[in-house]
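Close look at the chain arrangement
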Amino acid sequence: MQLSRRRVLQGVGAGAAVGVLGTPGSATEPDTDTDSDDDDGSDTERLFVHPETGLLEGIGDLLDVIEAVGGTTLLEYDNFEFVVAEVPAESRSTLLEDRLVSDVEEDDETGIPDEWSPSIPDLLDPGGGSDCSRHPSQQPSWGIERIGADDVEPDGSGVDVGILDTGIQTDHCSVSVAGGENVTTSGTSSDYEDRHGHGTHVAGVAGASDNDVGVVGVAPETDLYAVKVLNDDGEGRYSELVAGIDWCLSNDIELITMSLGGDSSSSTVDQAIEEAHAAGHLLVSAAGNEGNNGDGSCDEATLTYPATHDDVVAVTAMNEDDTLASYSSVGSAIDLLAPGTDVTSTTVDNEYAEASGTSVAAPFVAGVAALCWETREEDGPGPNDSIREILGETAEPVLESCEEGDGLIDARGAVGDDRATDGGEYPVVSSSPIDRVVSTFERVVDLFTGFLEWLGGLFR
């Protein structure tokens, strides 16, 4: 097996600085400060370092430049030429002056909202812990029923969903994990266990198994991949987010869901997102939990990053009574609305919990996207733009304001759309009697038009 550059850096010897990935000390907790102090008391900065296009003869040239200014390369990527380095603060300008360097950018922080606080309802307390036979009988969350995911035939089979989060509990009775990667500094690359709870909750919403116990996800047969980009405290850096996207690119993970956010945008993360989108991957992100005025206006711009990026499907959250959640971020970049308040899903220690947030809403959209992807019978990345268009055009208007984007994600409408079933084996499932009448009428018109064209051809 060919080692990726990322794995090579994980195995380098003593003397490498603690970074995003890869040192013998990578099991230690990462330094979450942008600037750090080394042994001689001087300040250092964690930076993305971008090479000047066309001047590098090999990646080694860029690493030599970083070393020459007293820096240490922390992380390389498989699909991107830029690297992450720790550089003395006084050397930043010297680094930028080198002809092989086009740009540098700070490696900012990202993570889950601080106020995320799940609660374990008595009704779903498994009691038996790891004894799955003692877990409660399966109960779909209100969100599953509200978007019609319990009323469609596709189940996400054969579609990969990357959960870029705190990991996933791999032996949970209600979740099956197909694989994954830990791209944080905590633990080995194969240790993508969730010790926080957020990632397992997100995974359960998107694809908890349909096995008669606990809960069930939107796409219960989808292949869930635990891409651990946040540490056990729910904190991370943009470099780790990029590493997660990089891993999904290398492993042809069709859907990438990111229930996280940062305060600032990043041109480097922009590049990773744009290259993933261009390669046919669909990226979904929580809009953020920064709140809204509740006045139906999109004059506010409270979204967190990367939900603000055009190539990302930004998802905000609603309550069970079809109102916008007060915590939901809003803005003109919102694409879709999804259930987000008091949603029951899986969590660590083989338990189930209710939690709220746009981070809960985002995997509802990823799950429906997986259902659509399956109906198209396309293997691997590719139909991201058409799937995104289907999700938007079949969404159900609920708030009748720009706060919801195109509206509430609708599994029945999306799966039943003719564009979703092209080449698929599933019948059209309309979301209402009116939709069925319209769909039937359109098919009759198409057939009649086709007949007239055939008849006209006979007399040419």
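Residues numbered from 1 in each chain as written. Predicted model: local features only at pLDDT ≥ 70, side-chain atom pairs only at ≥ 80, totals over all residues. Heavy atoms only, no water.

- Within an unreviewed UniProt entry, the label attached to the protein reads Tat (Twin-arginine translocation) pathway signal sequence, and the organism entered is Natronorubrum sediminis.

**What about the overall build of the protein?**
- The helix and strand tally for the protein stands at twelve helices and 16 strands.
- In the protein, the share of contacts with a sequence separation of at least 24, taken over all contacts with a separation of at least 6, comes to 75%.
- Per element, the accessible surface of the protein, about 18,600 Å² overall, is 45% carbon and sulfur. (Helix = DSSP H or I, 4+ residues; strand = E, 2+ residues; numbered from the N terminus. Contact = heavy atoms within 4.5 Å. Areas by Shrake-Rupley, 256 points an atom, 1.4 Å probe, with all protein chains shown as cover.)

**Remarks on empty space enclosed by the protein**
- Counted under the stated rule, the structure contains one cavity of 30 Å³ or more.
- Approximately 40 Å³ is the volume attributed to the largest cavity.
- If you go around the largest cavity, the residues you meet are Ser141, Ile144, Gly204, Val205, Val215, Val216, Gly217, Val343, Thr344 and Ser345.
- Elements with a minimum of two residues in the lining of the largest cavity: α5 (198–207) and β15 (343–347). (1 Å grid on protein atoms, 1.4 Å probe; cavity = no way out; pocket = protein on both sides within 12 Å on 5 of 7 lines; lining within 4 Å. Points joined across faces, edges and corners; volume = space filled by probe spheres on them.)

**Re the pairing of strand β4 (residues 83–88)**
- Most of β4 sits out of view: six of its six residues are buried.
- Alternating positions in β4 separate into two faces, Val83, Ala85 and Val87 on one and Val84, Glu86 and Pro88 on the other, with burial throughout.
- When strand β2 (residues 43–51) meets β4, the two strands line up antiparallel, connected through six bridges. The partner of phenylalanine 48 across the bridge, within β4, is valine 84.
- Pairing between strand β3 (residues 72–75) and β4: three bridges, direction antiparallel. The residue of β4 that forms the bridge with threonine 72 is glutamate 86. (Buried < 20%, exposed > 50% of the residue type's maximum accessible area, 1.4 Å probe, protein only. Pairing = 2+ DSSP bridges.)

**Observations concerning the UniProt feature "active site" (unreviewed entry) in the protein**
- According to UniProt, the feature "active site" (unreviewed entry) maps to Asp165, His198 and Ser359 in the numbering used here. Over a stretch of 195 residues, the named residues converge on one spot in the fold, their C-alpha atoms separated by at most 10.0 Å.
- Following the sequence through the fold, aspartate 165 ends up in strand β7 (residues 160–165).
- Relative accessible area serves as the criterion here: at 0%, aspartate 165 is assigned to the buried category. (UniProt positions renumbered as here; feature names shortened; annotations may be inferred.)

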